Amino acid sequence: MPVQATVTSTISGKRRLAALSPMPRNLEIPQVSDRVGEKPVNASEIALDVAPPVVDAPARVDQTGVELKRGAFLNTIAMLASNFRGIFTFLVARLLGPAALGIFSVAWSTTDIISKIGVLGLDNAITTFIARSEVVGDRARSRSLFQVAVVLGVVQSVITAVIMIVALRFFNDRLHVQPQMVSALTLVLCAMPGLALYRISTAVSRGMKVMQHDIYSRGLVEPVATTLAFLLAIAVGFNMSSPEVAAILGTAISGITAVVLASLLFRRDFANGIVVSRVGEAKSLIAYAAPISIYQLINAFISRLDLLMLGYFVGRAPGVTLATVGVYSAVIGTANGLRKVNQAFNPIFAPVVAGMTATGDHQVASATYARLAQWMLWILLPLVMVLSLAGSTILLIYGPAFWQGGRWLGIVALASATNAFVSLGETVIMVQRPHLNLLHSSITCAVAFAGLLWLIPRFGPLGAAFGILLPYIVQGILRYATLRWVFHWKDSWSDISPPLIAAGIAIVPALVCHAFLSGIAGQVTSAAVFLAVFGVQWWQHHVHRKDKHA
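Residues numbered from 1 in each chain as written. Predicted model: local features only at pLDDT ≥ 70, side-chain atom pairs only at ≥ 80, totals over all residues. Heavy atoms only, no water.

A.B. asks: Now, about the confidence of the model for the protein: what can you tell me, with residues and values included?
C.D. replies: A residue-level look at the protein finds 76% of positions with pLDDT of 70 or above and a mean pLDDT of 78. Note that pLDDT drops below 50 for residues 1–62; the model gives that stretch 61 contacts with residues more than four away or on any other chain. (pLDDT = per-residue confidence, 0-100. Contact = heavy atoms within 4.5 Å.)

Below, the structure is given as structure tokens:
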């Protein structure tokens with residue numbers, strides 16, 4: 001059958017289906033151009049144009065749920081394995097003290113922000129591009145995108161690092177910050193190419209729905225390499241510079257591992273004569289990634305802003321010293337485990353929702369989002385309460401000087417959990433209208449900067465903790481409003497009420513224990529009581545849900 005007739009038949013069939021089956025208002029199906037004869041239509045365009053029928057939406061939601069669970073399981077293993085990096089943080093705190101940990105943490109946070117400029121949003125953009133390419137079976141384009149993104153990311157990161165190092169050398173005297181922090185930052189900026197290799201290569205693997213690569217590159221290789229490099233640097237005599245040297249070596253080895261693993265996905269695939277313009281792909285990637293890179297840079301700036309501003313106010317705000325900054329950095333490192341909960345779901349959710357929105361399957365995408373939101377609340381709520389009720393006891397692992405951080409850990413934990421939860425909405429918006437994320441991040445950044453600038457000089461580290469919670473609440477409101485009124489995704493209290501009600505019931509006996517018992521015993525007992533009561537509520541919900549679907 002001629003191609004023209006095939007395309008025309010496909011279009012006619014879809015129009016008959018549209019006439020017979022009413023569609024919900026929030027399910028937008030892209031229409032094929034009526035000018036079929038004016039230009040050839042390739043298989044990718046046809047595949048993206050024909051939306052799946054709505055009648056099988058529940059079955060597709062269940063099938064997607066299985067896929068999400070499998071990907072989330074692998075991402076959870078990677079997330080748990082990445083916590084081995086805590087051994088490195090523990091060794092820095094124990095061997096060099098809180099002041100050295102504070103200096104390194106500020107330098108590393110700054111490098112993480114600047115690295116967003118070097119990567120230029122390619123890590124998130126390449127996941128979407130690869131997912132869309134794979135959904136139509138265009139493996140040759142996937143390989144080309146991988147190669148282009150890696151080259152762009154590494155080159156941009158090297159250039160950015162060189163510019164920043166030169167700028168630090170010239171403007172060192174005008175920065176008005178601790179000289180030790182400037183020296184540490186100058187050194188740790190050399191880790192940027194390794195960071196770019198890891199982020200882009202892992203994003204390629206995720207775009208092909210291969211989640212286990214992150215277990216090896218970040219979960220195992222990076223913490224082991226960083227820890228061994230730190231011990232070796234201490235033995236050689238780098239002393240206070242040992243954390244920075246270890247970070248450079250660890251990220252380099254992790255990045256090389258990630259790119260090798262991603263390359264294996266294309267080892268047996270051949271182009272079959274298809275010629276892909278790498279220049280064209282580079283332009284498409286950069287155009288798509290540009291707004292993403294800006295709001296990613298802003299988001300990274302927001303997430304690190306409390307620590308950076310504490311470092312800036314050393315000696316100029318009540319209770320803010322280098323040692324205090326080190327304690328607060330341990331608080332952030334502990335609370336950031338809640339941000340990593342998002343990493344269990346987002347890497348698999350991004351390619352899944354990109355494929356759904358590419359085929360116009362918004363109804364299933366909305367249902368999938370609601371399911372993930374409830375899963376995340378079941379995980380985040382008990383973690384927040386444990387860190388709030390037993391924070392000081394948990395921080396004792398770093399040393400007795402870190403006990404005071406328990407006063408700030410609960411607030412920072414709530415901020416991290418809020419950020420992890422609303423990041424699901426960021427993913428949905430990113431694959432459809434990334435410019436809206438840029439607007440949200442800009443507003444959030446302004447709120448964060450103004451709040452921290454007012455709170456830290458008055459309340460010190462406690463002001464930093466509250467100052468970082470406020471902008472994440474604002475960001476959550478903005479993303480909810482976008483999903484509700486721009487994308488017309490309907491929400492229901494029943495989607496998120498079970499974990500919230502369970503937490504409300506469990507907190508009552510936990511607070512009673514916390515009020516009558518003091519010290520380590522009181523903190524541990526109250527946290528254990530909360531987990532026990534919350535766990536019973538979760539089990540009842542789980543059994544009820546299984547009976548309902550039986």
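A.B. asks: Before we move on, can you summarise the side chain of Thr-110 with the specific residues and values?
C.D. replies: As for its position among the elements, Thr-110 is in helix H5 (residues 98–119). Judged by relative accessible area, Thr-110 falls into the buried class, the value being 17%. Within the local environment of Thr-110, its side chain forms a polar contact with the backbone oxygen of Val-106, the two atoms lying 2.8 Å apart. Not counting residues up to four positions away in its chain, the partners in contact with Thr-110 are Leu-185 and Leu-308. (Helix = DSSP H or I, 4+ residues; strand = E, 2+ residues; numbered from the N terminus. Buried < 20%, exposed > 50% of the residue type's maximum accessible area, 1.4 Å probe, protein only. Polar contact = N/O pair within 3.5 Å; in protein donor to acceptor, adjacent residues only side chain to side chain.)

A.B. asks: Report on helix H9 (residues 192–207), specifying residues and quantitative values.
C.D. replies: Look at H9: 22 Å from first C-alpha to last across 16 residues, which is about the 22 Å you get at 1.5 Å a residue. In terms of residue burial, H9 counts as a mostly covered element, since 15 of its 16 residues are buried. Where H9 terminates, the next one or two residues include Lys-209, which has phi positive at roughly 60°. (Expected span 1.5 Å × (residues − 1).)

A.B. asks: Could you give an account of the pattern of salt bridges, naming the residues involved and the relevant values?
C.D. replies: Counted by the stated rule, this structure contains 2 salt bridges. Between Arg-199 and Asp-112 there is a salt bridge, with the nearest N and O atoms lying 2.4 Å from each other. Of this pair, Arg-199 sits in helix H9 while Asp-112 sits in helix H5, and the two are 87 residues apart along the sequence. By relative accessible area, Arg-199 is classed as buried at 14%. By relative accessible area, which is 10% here, Asp-112 ends up buried. Salt bridges linked by common partners bring Asp-112, Arg-199 and Arg-304 together as one network. (Salt bridge = Lys/Arg side-chain N within 4 Å of Asp/Glu carboxyl O.)

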